[in-house]
Amino acid sequence: MLKEFREFAMKGNVVDLAVGVIIGAAFGAIVTSLVGDVIMPIIGAITGGLDFSNYFTPLAKSVTAGNLADAKKQGAVLAWGNFLTLTLNFLIVAFVLFMVIRAMNQFKRKEEAAPAAPPKPTRQEELLTEIRDLLKKG
């Protein structure tokens, strides 16, 4: 097993995986900051500060608290507000990325000229084609 692991590590797979994890973590932090610090405050201003993250449904009769943090201390709760908030964050980020990519594609998009017709074959190419066709027949 150690020999297999050494071969795996020597092929560069471990290094590629490590680089991917580091880049993924950095990208995740950037997206989290973008959503939490830039996009959501704007949406909060538009919607009047509506925040779903504190919404929950008590699953135990002992839960009487009005906010999520205290309710979790009292018993089992279904914190569906967090799920809704994260789903909305995902949809917002996906839409913003879609709009950015769409704008970039419109800047790149230019009318491409129709491909030029291939040049007329030379006399030598015509003779070679005739020879090939004769060899196929014969």
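Up top you'll find the structure we're talking about.
Quick look at the structure, then. Every chain begins its residue count from 1, and numbering advances along the sequence as written. Whole-chain, interface and lining totals are the exception, using all residues; otherwise, since this is a predicted model, local features are given only for residues with pLDDT of at least 70 and side-chain atom pairs are given and counted only at 80 or more. To get the side-chain values, all heavy atoms of the structure are used, and hydrogens and water are removed first.

**What about the packing of aromatic side chains?**
Moving on, step 1. Only Phe, Tyr and Trp rings take part, Trp by its six-membered ring, and two of them pair if their centres are within 6.5 Å. Stacked means planes under 30 degrees apart, edge-to-face means over 60, and tilted covers everything else. All chains considered together, the criterion is met by two aromatic pairs.
Moving on, step 2. Look at Phe52 and Tyr55: their rings are 5.7 Å apart centre to centre, the planes differ by 90 degrees, and that puts the pair in the edge-to-face class.
Moving on, step 3. Buried, partly exposed and exposed residues are distinguished by accessible area as a fraction of the type maximum, computed with a 1.4 Å probe on protein chains only: under 20%, between the cut-offs, and over 50%, respectively. A residue is classified by how much of its surface remains accessible, and Phe52, at 23% relative accessible area, is partly exposed.
Moving on, step 4. Classification of Tyr55 as partly exposed rests on a relative accessible area of 34%.
Moving on, step 5. Judged by centre distance (5.6 Å) and plane angle (70 degrees), the ring pair of Tyr55 and Trp80 falls under edge-to-face. In this pair, Tyr55 is assigned in the loop between helix 2 (13-47) and strand 1 (57-58) and Trp80 in helix 4 (residues 80-108), connecting sequence segments 25 residues apart.
Moving on, step 6. Taken together, the aromatic side chains of Phe52, Tyr55 and Trp80 make up a single cluster linked through ring pairs. Counting from the N terminus, the helices are DSSP H or I runs at least four residues long and the strands are E runs at least two residues long.

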